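# Geometric and topological summary
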Amino acid sequence: MGFSYAHHDNPHLTVQAFQETCQLFEFTDDVTDFKRRSYHLSEPCYVRYCTGNILMMAYIIDGMAGRKLLALAFYAPSITSGIAMSVIWLYFFSPDINGLINSTLVRFGLINSPILWTEDPKRILFIVTVVSVWMSMGNGFLVFLAGLQNMNREVFEAGLIDGVHNKFQEMIYIVLPQMKPMLLFGAVNTIVSAFSINDIPTAMAGYPGPNNATMTIVGLMNDYAFNRLDLGYAT
C-alpha cells in the first residue's frame, strides 16, 4: 500500500528511490571503496581466517588441561570495548618512534625512520582487519568449544575401527560433519559482525582514515546520512 501511494500521489519519490538504488551499483570512488572494504572486512577475511582459526584453536585447546583458563583468555577481548582495544594496539603500531614495534626495529637497526603504520592505506587496512578478527573470536570460540565437548565419542571409536588413525582424518571425517550447525552459526555471526565494524577503524586511523582506507560500510552510511544529508542513499 505504501508503494502504491508513493507511485500514484508522489511519483518523484518512486523515481528518486529507483535512482538511489541504481547508485549502489555505480562504480564511483565511494562504491569502489565500499566493495574493497566489504572484501577485506566481511566474508573472505572473517569466514576464512576468523572461523577457520577459531575452529582450529578450539580443537587444540579442547584436549588441553587448562582449557577453561584459555577459553577465558580467548573470550576476554570480545567483552572489551573496541575503543579500549584500539588504544592498546596503537601502543604497538604508533607511527612515531615511541611505538613499541617502531622503537624495537630502530633499536636493532632494521629501519632508520619510524614506519607510518596508521598513515599508510595498505598497512592500516591490514592492521584494522587483524584487530577486528582478534576481537571477534570470543563468541565463536565458546560455541565451537562447547560443540567439541558435546560431540558423540562413540563416533570417534567407530572411526578408529573404520581406519581413522590421525588427527587430520579425524578432523575431516568426524569433527567437521558433526560441527556443521556450529560452523554455520559462526559464519553467519562473523559476517554480521563484519558489517557492523566502525569503532576500531575510527579509533585507530581517524575518520575516514588515510585515503578513505578504513571507511567501512557503517562509516560510509554515516557519511551519507549526517555529513552529506543524503538520507535516502544512506538507508
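A short tour of the structure in this document, coming up. Everything quoted here is computed from the prediction, not taken from an experiment.

Calculation notes
- Residues numbered from 1 in each chain as written.
- Predicted model: local features only at pLDDT ≥ 70, side-chain atom pairs only at ≥ 80, totals over all residues.
- Heavy atoms only, no water.
- Helix = DSSP H or I, 4+ residues; strand = E, 2+ residues; numbered from the N terminus.
- Buried < 20%, exposed > 50% of the residue type's maximum accessible area, 1.4 Å probe, protein only.
- Contact = heavy atoms within 4.5 Å.
- Areas by Shrake-Rupley, 256 points an atom, 1.4 Å probe, with all protein chains shown as cover.
- Axes fitted to C-alpha atoms, helices over the stretch in contact; angles between N-to-C directions.
- Parallel < 35°, antiparallel > 145°, perpendicular 65-115°, else oblique.
- Nonpolar A, V, L, I, M, F, W, Y, C, P; charged D, E, K, R; others polar.
- Polar contact = N/O pair within 3.5 Å; in protein donor to acceptor, adjacent residues only side chain to side chain.
- Core = buried A, V, L, I, M, F, W, Y, C linked by side-chain atoms within 4.5 Å.
- Phe/Tyr/Trp six-rings, centres within 6.5 Å; stacked < 30°, edge-to-face > 60°.
- Lys NZ or Arg CZ within 6 Å of the ring centre and 35° of its normal.
- Salt bridge = Lys/Arg side-chain N within 4 Å of Asp/Glu carboxyl O.

### Remarks on the overall build of the chain
Along the chain, the regular secondary structure elements total 15 helices and zero strands. When burial is assessed residue by residue, the chain has 37% of its 235 residues classed as buried. Pairs at least 24 residues apart make up 64% of the contacts formed inside the chain by residues separated by at least 6 positions. Total accessible area computed for the chain in this model is approximately 14000 Å², and 65% of it derives from carbon and sulfur atoms.

### Side note on the packing of helix 9 (residues 137–149) against helix 12 (residues 180–194)
In contact at an axis separation of 10 Å, helix 9 and helix 12 are set at 180 degrees when each is read in the N-to-C sense. The orientation of helix 9 relative to helix 12 falls into the category roughly antiparallel. Note on element contacts: helix 12 touches helix 9 through Met182, Leu183, Phe185, Gly186 and Asn189, opposite Asn139, Val143, Phe144 and Gly147. For the contact of helix 9 with helix 12, a count of residues per class yields five nonpolar, four polar and no charged.

### Side note on the side chain of glutamate 170
With respect to the helices and strands, glutamate 170 occurs in helix 11 (residues 167–178). By relative accessible area, glutamate 170 is classed as buried at 17%. Side chain to side chain, glutamate 170 and tyrosine 59 meet in a polar contact 2.5 Å long. Once residues lying within four places of it in the same chain are set aside, the contact partners of glutamate 170 are Tyr59, Phe156, Val164 and Val175.

### Notes on the packing of helix 11 against helix 12
Close contact between helix 11 and helix 12 brings their axes to 4 Å; oriented N to C, the two are set at 65 degrees. Facing Leu176, Pro177 and Gln178 of helix 11, the residues of helix 12 in contact are Lys180, Pro181, Met182 and Leu183.

### Observations regarding the environment of proline 121
Tracing the backbone through its elements, the reader meets proline 121 in helix 8 (residues 121–135). On the accessibility criterion, proline 121 (28% relative accessible area) is partly exposed. Between the C-alpha atoms of proline 121 and asparagine 211, which are 90 residues apart in sequence, the distance is 6.4 Å. The contacts of proline 121, once residues within four sequence positions are left out, are Pro210, Asn211 and Ala213.

### As for the nonpolar core
Core analysis: the biggest nonpolar cluster contains 19 residues, and Phe141, Phe144, Leu148, Met151, Val175 and Met179 have the highest contact counts within it. When contributions to this core are tallied by element, the ones reaching two or more residues are helix 4 (43–62), helix 9 and helix 11. Counting residues in each nonpolar core, the second largest holds 15 residues, with Trp89, Phe93, Ile200 and Ala213 among its members.

### Things to note about the packing of aromatic side chains
One pass over the structure, following the stated rule, counts six aromatic pairs. Aromatic side chains phenylalanine 93 and tryptophan 117 sit 5.4 Å apart centroid to centroid with 75 degrees between the ring planes, which places their arrangement in the edge-to-face category. Here phenylalanine 93, found in the loop between helix 6 (82–92) and helix 7 (100–107), pairs with tryptophan 117, found in the loop between helix 7 and helix 8; they are 24 residues apart in sequence, far enough to count as distant. Each member of the pair phenylalanine 93 and tryptophan 117 is classed as buried. These aromatic residues form a ring-pair network of at least three members: Trp89, Tyr91, Phe92, Phe93, Trp117 and Trp134. Between the NZ or CZ atom of arginine 228 and the centre of the ring of tyrosine 224, over which it lies, the distance is 4.3 Å.

### A short note on the pattern of salt bridges
The full count for this structure, using the stated rule, is four salt bridges. Measuring nitrogen to oxygen at the nearest pair gives 3.9 Å for the salt bridge that ties glutamate 170 to lysine 167. Here lysine 167 and glutamate 170 lie together in helix 11, a separation of three residues that amounts to about one turn. When its relative accessible area of 57% is taken as the criterion, lysine 167 is described as exposed. Measuring nitrogen to oxygen at the nearest pair gives 3.0 Å for the salt bridge that ties aspartate 223 to arginine 228. On the basis of relative accessibility, which here comes to 9%, the residue aspartate 223 falls in the buried class.

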